[in-house]
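What the coordinates show
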Amino acid sequence: MTDPRLPLDGLRFAFHTFGCQMNENDSERLAGYLAAAGAAPAGLIESADVVVVNTCSVRAKSEEKLYSLLGRLRTLKKRRPLLFGVVGCVAQLRKDMLPGLKSGVDFVVGFDQYPRIAEIIAESRGRKMIAASRSRGWKEGTVPPIRESAVSGFVTIMEGCDNFCAYCVVPFTRGREKFRPVEAVLAEVRDLAAHGFREIQLLGQNVNNYADSASGTDFADLLGRIAAVPGPEWIRFITSHPKNFTPSLARAMAATPKVCRQFHLPIQSGSSRVLERMKRGYSREDYLETVRTLRSLMPEIRLSADIIVGYPGETTEEFGETLSALAEIKFANIFSFCYSPRPLTAAARIADDVSTEVKRSRLMEVQALQKEIQTTFHKTMIGRTERVLCTGRSKKDPAVFAGRSEGNQVVNFRADRDVVGRFVDVEILSVGPYSLRGRAVSLYNK
Ligand code: SF4
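Keep in mind that what you see is a predicted model, and the values were worked out from it rather than measured. (Residues numbered from 1 in each chain as written. Predicted model: local features only at pLDDT ≥ 70, side-chain atom pairs only at ≥ 80, totals over all residues. Heavy atoms only, no water.)

1. Looking at the overall build of the protein
Test applied: Helix and strand assignments follow DSSP, with helices taken as H or I runs no shorter than four residues and strands as E runs no shorter than two, numbered in order from the N terminus. Radius of gyration means the value over C-alpha atoms here, while the globule rule gives 2.2 Å times the residue count to the 0.38 power. To sort residues, take the accessible area from a 1.4 Å probe on protein chains only and compare it with the maximum for the residue type: under 20% means buried, over 50% means exposed, and anything in between is partly exposed. Should any heavy atoms of two residues lie within 4.5 Å, those residues are counted as being in contact. Working convention for charge: Lys and Arg count positive, Asp and Glu count negative, and His plus the chain ends are omitted. Taken as the charge location is NZ of Lys, CZ of Arg, CG of Asp or CD of Glu.
Looking only at helices and strands, the protein features 12 helices and 21 strands. The C-alpha radius of gyration of the protein comes to 22 Å, within 12% of the 22 Å expected for a compact globule of 446 residues. Principal axes of the C-alpha set define a box for the protein whose edges measure 60 × 55 × 50 Å. Burial status across the protein gives 53% buried among its 446 residues. Counted over contacts in the protein with a minimum sequence separation of 6, partners at least 24 positions apart contribute 70%. Taken together, the 63 basic and 50 acidic charged side chains of the protein have centroids lying 4 Å from each other.

Given below as structure tokens:
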């Protein structure tokens with residue numbers, strides 16, 4: 001039964017989310033606000049009355065994709081009644097440009113205004129709405145999110161960044177660091193546990209800088225307190241900054257079996273000179289030392305990283321240092337990109353002097369090397385048994401289950417019963433560079 005007093009009563013909504021897990025979690029929270037205001041999920045954009053586009057501005061390419069989606073929504077709006085709007089990083093960055101006369105955009109909502117999204121959409125029925133003002137301090141959500149997964153739950157522990165890496169727009173979009181109070185984090189983890197979630201993924205731009213000043217809790221303490229909540233068996237976190245890595249965090253991880261033996265630690269470049277120009281606050285040697293510390297305490301840990309190629313002034317020799325870092329560290333996975341200048345950043349004020357062709361060829365070189373590293377590593381896993389959290393069925397073949405190993409590798413496997421939401425021991429039978437394939441040998445019941 002619907003309630004006509006609610007501002008979005010009877011409307012159906014859909015999201016299109018660009019970017020990182022923080023954005024995915026934000027979309028889940030925003031969906032919670034829309035549902036509390038009487039709207040219901042439509043499933044597809046094509047059948048929605050309201051479309052919310054959650055945006056990313058980390059790379060020029062993600063912004064380009066947004067503008068092409070807005071074009072498609074404009075076309076849809078010509079055929080039938082539709083409200084659509086933009087939230088997230090681009091909403092914050094381009095708030096005044098987005099709702100231009102021809103854009104069709106009805107509402108623009110910045111991060112700090114998310115709790116008001118339903119009200120803003122309701123008001124946008126009569127006029128275009130922009131709400132992107134910033135506020136200080138952490139603001140706790142007031143309604144539960146509508147989660148995409150019933151197995152693995154995102155928990156945001158901090159937002160924003162004070163690092164101002166020279167290439168990065170995030171401090172200008174997400175704003176300065178804000179930490180969520182530890183009790184609010186634990187309350188959400190307990191709620192996920194009560195609903196049977198198996199895995200907790202802690203999110204933030206710089207999680208290992210977490211600090212709850214009122215209780216004196218740092219990130220290592222937080223991991224321990226979350227691990228003490230009965231229920232979820234795995235804890236992951238993303239993203240960490242190499243500059244804020246401490247051996248005590250590695251010791252806390254090693255002492256907490258629930259913390260997955262997996263660490264995403266963006267290196268960005270293997271050249272200390274480039275890292276200095278990027279204002280990253282660590283050198284190649286510092287990063288290698290961190291890798292040694294992690295591996296000495298947890299030899300089985302799987303590392304992943306982000307890489308930028310073609311940063312302004314990157315010489316052939318400096319690029320070669322990125323290749324040699326990859327060969328030396330042997331990441332389990334990387335996310336690699338060509339540099340693109342972003343507005344407001346320090347790097348945007350210097351010449352983007354590495355040509356597009358050179359950037360592309362360096363990216364291909366990085367990806368070819370990494371493919372070789374992953375293939376070689378994955379081959380060593382044939383015949384081994386990996387514990388996998390099954391999160392669903394394979395998109396290509398619904399008879400095949402899909403999940404991730406503790407090391408965060410994609411594993412597709414066959415099982416003789418429905419194992420979605422369960423931990424399964426999977427014997428690895430064959431591998432490719434980006435995933436493993438196998439068969440369930442036993443259920444891990446807890
Ligand atoms: S640490 Fe650097 S790259 Fe990461 S969000 Fe902050 S400024 Fe951006």
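Here the narrative resumes.
2. Here's the deal with the nonpolar core
Where we set the bar: Definition used in this section: a nonpolar core is a set of buried Ala, Val, Leu, Ile, Met, Phe, Trp, Tyr and Cys residues joined via side-chain atoms within 4.5 Å.
If you look at the biggest cluster of nonpolar residues, it comprises 66 residues, and the most contacted ones within it are Ile-157, Leu-202, Phe-219, Met-253 and Phe-263. When neighbours within four sequence positions are excluded, Ile-157 is seen to be in contact with Phe-179, Arg-180, Val-185, Leu-202, Leu-203, Val-207, Tyr-210, Phe-219 and Leu-222. By size, the runner-up hydrophobic cluster in this structure holds 24 residues, among which are Leu-34, Val-87, Met-129 and Ala-131.

3. Overview of the side chain of Arg-236
Convention followed: In the analysis that follows, any N or O atom pair within 3.5 Å is treated as a polar contact, provided that within protein one partner can donate a hydrogen and the other can accept it, and provided that, for residues neighboring in sequence, both atoms belong to side chains.
Position of Arg-236 relative to the elements: it lies in strand E13 (residues 234-238). Within the structure, the side chain of Arg-236 is placed 2.9 Å from the backbone oxygen of Glu-406, a separation counted as a polar contact. Filtering out sequence-adjacent residues up to four positions away, Arg-236 remains in contact with Glu-199, Ile-200, Gln-201, Leu-202, Cys-260, Gln-262, Arg-404, Ser-405, Glu-406, Gly-407 and Asn-408.

4. Quick notes on the sheet that holds strand E21 (residues 436-444)
Inclusion rule: Following DSSP output, two strands are said to pair if at least two bridges run between them. To obtain each axis, a line is fitted to C-alpha atoms, and for helices this fit is confined to the stretch in contact; angles are then taken between N-to-C directions over 0 to 180 degrees.
Sheet architecture is closed into a barrel: five strands sit in the order E17-E18-E19-E21-E20, paired in mixed fashion. Adjacent strand axes in the sheet meet at a mean angle of 50° when their direction is disregarded.

5. Structural notes on the packing of aromatic side chains
For clarity, the cut-off: For Phe, Tyr and Trp, where Trp contributes only its six-membered ring, two rings pair if their centres lie within 6.5 Å, and the inter-plane angle classes them as stacked under 30 degrees, edge-to-face over 60, or tilted in between.
Evaluated as defined, the whole model comprises 13 aromatic pairs. Seen in terms of ring centroids, Phe-179 and Tyr-210 are 5.8 Å apart; in terms of plane orientation they differ by 80°. Their pairing is edge-to-face. With Phe-179 in strand E9 (residues 178-179) and Tyr-210 in the loop between strand E10 (199-203) and strand E11 (211-212), this residue pair connects regions lying 31 residues apart in the sequence. What makes Phe-179 partly exposed here is its relative accessible area of 23%. Here Phe-237 and Phe-263 contribute two aromatic rings whose centre-to-centre distance is 5.5 Å and whose plane-to-plane angle is 85°, an arrangement assigned as edge-to-face. You can see Phe-237 sitting in strand E13 and its partner Phe-263 sitting in strand E14 (residues 262-264), a full 26 residues away along the chain. For Phe-237, a relative accessible area of 6% translates into the label buried. Each residue in the set Phe-219, Phe-237, Phe-245 and Phe-263 is aromatic and connected to the rest through ring pairs, giving one cluster.

6. Some words on the domain arrangement of the protein
The accessible area lost on association of the parts is a frequent measure of interface size. Applied cut-off: As used throughout, domain bounds are those supplied by an automatic or database domain assignment. The quantity reported as buried area is the accessible area (1.4 Å probe) lost by two parts once they are put together, taken as the sum for both. Between Lys or Arg on one side and Asp or Glu on the other, a salt bridge is scored when a side-chain nitrogen of the former is within 4 Å of a carboxyl oxygen of the latter. Three classes are used, and their members are as follows: Ala, Val, Leu, Ile, Met, Phe, Trp, Tyr, Cys and Pro are nonpolar, Asp, Glu, Lys and Arg are charged, and the others, Gly among them, are polar.
Here the protein is partitioned into domain 1 (12-131), domain 2 (152-378) and domain 3 (385-444). Placing the centre of domain 1 and that of domain 2 at their C-alpha centroids yields a distance of 28 Å. Each partner contributes to the interface: domain 1 provides 18 residues, whereas domain 2 provides 18 residues. Interface area for domain 1 against domain 2, summed over the two sides, is near 1700 Å², with a carbon-plus-sulfur share of 56%. Three residues, Gln-21, Met-22 and Arg-59, lead the burial of domain 1 against domain 2; their summed loss comes to 36% of the area buried on that side. On inspection of domain 1 and its partner domain 2, the count reaches three salt bridges. Asp-112 is paired through a salt bridge with Lys-178; the nearest N and O atoms lie 3.0 Å apart. Our enumeration of links across domain 1 and domain 2 arrives at seven residue pairs in polar contact (both at pLDDT 80 or more). In terms of residue count, helix H1 (residues 21-36) provides more of the side of domain 1 that touches domain 2 than any other element does, seven residues in total. Considering only residue class, the side of domain 1 that touches domain 2 consists of six nonpolar, five polar and seven charged.

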